[in-house]
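The primary structure of each chain is shown beneath.
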Number of protein chains: 2
Amino acid sequence: MKLYDFKLAPNPKRVRMFLAEKGIEVPLVQVNTREREQFSDWFRKVNPGCTVPVLELDDSTCIAETVAICRYFEALQPEPPLMGRDAKDQGVVEMWNRRAEIEGFMVAGDVVRNALPMFADRGVPGLPSGVPQIPALAERGKAGMRRFFDKIDARLGETRFLAGDAFTIADITAYITIEFVKRAEVEVPEACGNVRRWVEDIAARPSTSA
Amino acid sequence: MKLYDFKLAPNPKRVRMFLAEKGIEVPLVQVNTREREQFSDWFRKVNPGCTVPVLELDDSTCIAETVAICRYFEALQPEPPLMGRDAKDQGVVEMWNRRAEIEGFMVAGDVVRNALPMFADRGVPGLPSGVPQIPALAERGKAGMRRFFDKIDARLGETRFLAGDAFTIADITAYITIEFVKRAEVEVPEACGNVRRWVEDIAARPSTSA
């Protein structure tokens, strides 16, 4: 088994944090997306979608998509549970992880990919060129990030972690979102005290240095 | 238990198809999003995010987000499995469901919400107003849909269903994507014969009329 990874990209870090919380070690293969290695012939054979992370199993099955890789490890080694124990827990964790992804992580991606010069002509992940940036989408995304911060601030005023009392994959997604969007100089607002308390709490976990 | 639903919206239909495949019946409560009922005071108490579907459990826990609701029922009643049996299956199903969502369903949403007059000033789900459409995003989305059709056409040339030999949630997501994007007059290209064969195959399942 090996994990195709890139130390500087946000999605691979979500998987590394997940594995660190589980205490699982997997050999890593770096795919330098800053040097466009995800578009190389060798990597297209691993993932024609040209994105990292990808988990390659010993039978050569390749599992792409961050949460799909996490799902595999959750089923393989349920402890500690990061995606919920019983049906209700699993539903609630999935809800908060999806909110963190759809209203946080993906919106951060809209901002970063449509604002930063390094993504000029590469507005969509997995495509080497030919997709111009849409500045209006970066602006829409910045407004979306403010709504996201307010939403999780309200939630974190009621519960210690996003999905409730326990740390889960939803916290990983939201934490990496906040790290990711800093690249476009978007920060947690001063007014979101609950988010700031929670960020400090998460940052103290050893898994954040994975 | 009850499911807040709207018969004419694509996400609630994903859940209804999932339940029909499992043979599970849940009382439905209609929330007419064409008449903006998702923004009403009574529904904001169910889901402050103002989206359907939402599952309300008997202990009054509300689970929003389509796949989170499916996850709950998959854990509650694993047969027939629609999200994979063992760890590898679960990873592969999650990968294809996410590709169908991120590269299909969400891109279809970009097209529909940024092109159709009914969403003028409502370019983002869950917000009653103040988000102008971005025509360039609808155009980007149309190009994305062509790539999506080509991607699943290649896959469906190798396997009967998207995640392999068995029907799964990934097929539901992709099928509803194709129904959804027709609203913007985007159709499966003639050249995608495998997708057309698969659409006929899925359309013959009783769950599609759920």
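Predicted model only: the values in this text are computed from it and were never measured. (Residues numbered from 1 in each chain as written. Chains lettered and ligands numbered in written order. Predicted model: local features only at pLDDT ≥ 70, side-chain atom pairs only at ≥ 80, totals over all residues. Heavy atoms only, no water.)

1. Quick notes on the overall build of chain A
Note the following rule: Numbering of helices and strands starts at the N terminus; helices are DSSP runs of H or I of at least 4 residues and strands are runs of E of at least 2. With C-alpha atoms as the basis for the radius of gyration, the globule rule is written as 2.2 Å multiplied by the number of residues raised to the power 0.38. Think of it in three bands: residues with accessible area under 20% of the maximum for their type are buried, residues over 50% are exposed, and the middle band is partly exposed, with areas taken using a 1.4 Å probe on protein chains only. By definition, residues are in contact when any of their heavy atoms lie within 4.5 Å. Residue-level accessible areas treat just the shown protein chains as cover; the underlying method is Shrake-Rupley with a 1.4 Å probe.
Secondary structure assignment for chain A yields 7 helices and 4 strands. N-terminal to C-terminal, the α/β element order of chain A is β-α-β-α-β-β-α-α-α-α-α. For 210 residues, the compact-globule formula gives about 17 Å, and the C-alpha radius of gyration of chain A, at 17 Å, lands near that figure. Oriented by its inertia axes, the alpha-carbon framework of chain A measures out at about 50 × 45 × 30 Å. Counting every position in chain A, which comprises 210 residues, the buried fraction comes to 58%. Taking all contacts inside chain A whose residues are at least 6 apart in sequence as the whole, residues at least 24 apart take part in 66%. Of the accessible surface of chain A, which amounts to about 8,700 Å², a share of 52% is contributed by carbon and sulfur atoms.

2. Observations concerning the pattern of salt bridges
Cut-off, in case you're wondering: For salt bridges, the criterion is a side-chain nitrogen of Lys or Arg within 4 Å of an Asp or Glu carboxyl oxygen.
According to the stated counting rule, one finds 30 salt bridges over all chains in the structure shown. Ionic pairing is found between A:Arg205 and A:Glu21, a salt bridge with its closest N-O pair at 2.8 Å. Placement of A:Arg205 in the segment after helix H7 (193–203) and of A:Glu21 in helix H1 (residues 10–22) is noted, with a sequence separation of 184 residues between them. A:Arg205 sits in the partly exposed class, given a relative accessible area of 22%. A salt bridge links A:Lys88 to B:Asp59, with the nearest nitrogen and oxygen atoms 2.4 Å apart.

3. Brief notes about the interface of chain A and chain B
A common way to express how large an interface is: the accessible area buried when the components associate. This is how it is decided: The term buried area means the drop in 1.4 Å probe accessible area that two parts suffer when joined, counted for both and summed. Polar contacts here mean pairs of N or O atoms no more than 3.5 Å apart (in protein, one a potential hydrogen donor and the other a potential acceptor; neighbouring residues in sequence count only if both atoms are side-chain atoms). Each residue gets one of three labels, nonpolar for Ala, Val, Leu, Ile, Met, Phe, Trp, Tyr, Cys and Pro, charged for Asp, Glu, Lys and Arg, and polar for the others, Gly among them.
Between chain A and chain B, the residue contacts involve 42 residues of the former and 42 residues of the latter. For the pair chain A and chain B, the summed buried area comes to about 3,300 Å², and 63% of that belongs to carbon and sulfur atoms. Our enumeration of links across chain A and chain B arrives at 6 salt bridges. There are 14 residue pairs in polar contact (both at pLDDT 80 or more) connecting chain A and chain B. The dominant element in the side of chain A that touches chain B, judged by the number of residues it contributes, is helix H4 (residues 87–115) of chain A, at 15 residues. Split into classes, the residues belonging to the side of chain A that touches chain B amount to 21 nonpolar, 9 polar and 12 charged.

4. So, the sheet that holds strand E1 (residues 2–5) of chain A
All names here are of chain A. Note the threshold: Strands qualify as paired when DSSP identifies two bridges or more between them. Angular values range over 0 to 180 degrees, each being the angle between N-to-C directions of two axes fitted as lines to C-alpha atoms, with helices fitted over their stretch in contact.
Sheet architecture is open: 4 strands sit in the order E2-E1-E3-E4, paired in mixed fashion. Two strands lie at the open edges of the sheet, namely strand E2 (28–30) and strand E4 (62–64), each paired on one side alone. Strand-to-strand twist in this sheet, taken as the mean axis angle between neighbours without regard to direction, amounts to 25°. Each of E1, strand E3 (54–56) and E4 is contacted by helix H3 (residues 66–76), which is oriented at about 125° to E4, the strand it contacts most.

5. Comments concerning H7(A)
Residues and elements named next belong to chain A. Filter applied, for reference: Of all possible arcs, the one meant is that of the directions from the helix axis to the C-beta atoms.
Among the residues making up H7, those that are buried are Val195, Trp198 and Ile202. Taken down its axis, H7 places every buried residue within 65° of arc, on the same side. Buried positions along H7 lie against H1, helix H5 (135–156) and helix H6 (169–181).

6. Remarks on the sheet that holds strand E1 (residues 2–5) of chain B
Residue and element names in this part refer to chain B. The strand order across the open sheet formed by 4 strands is E2-E1-E3-E4, and the pairing between neighbours is mixed. Taken across any chain shown, the strands that pair with only one partner, and hence form the sheet edges, are strand E2 (28–30) and strand E4 (62–64). Pairwise comparison of adjacent strand axes, ignoring direction, gives a mean angle of 20° for this sheet. One ladder, built from 3 bridges, connects E1 with strand E3 (residues 54–56); its direction is antiparallel. In the sheet register, Tyr4 faces E3, and the bridge partner there is Val54. Running at roughly 125° to E4, helix H3 (residues 66–76) makes contact with E1, E3 and E4 of the sheet.

7. So, H5(A)
As a reminder, the rule being used: In this scheme, a helix's expected span is set at 1.5 Å multiplied by one less than its residue total.
For H5(A), built from 22 residues, the straight-helix expectation of 32 Å at 1.5 Å per residue is met to within 8% by its first-to-last C-alpha distance of 31 Å. Every buried residue of H5(A) is listed here: A:Leu137, A:Ala138, A:Arg140, A:Gly141, A:Gly144, A:Met145, A:Phe148, A:Phe149, A:Ile152, A:Asp153, A:Arg155 and A:Leu156. Check the buried side of H5(A) and you find it contacts H4, H6 and H7 of chain A together with helix H4 (87–115) and helix H5 (135–156) of chain B.

8. Brief notes about the relation of the copies chain A and chain B
The condition that has to hold: A least-squares superposition brings the copies together, and it is based on the C-alpha atoms of residues with pLDDT no lower than 70 in both.
Superposing chain A onto chain B requires a rotation of 180° together with a translation of 0.0 Å along the rotation axis, leaving an RMSD of 0.0 Å. Each copy turns onto its partner about a two-fold axis. Residues of chain A ranked by C-alpha distance from the rotation axis are headed by A:Leu137, positioned 3.9 Å from it.

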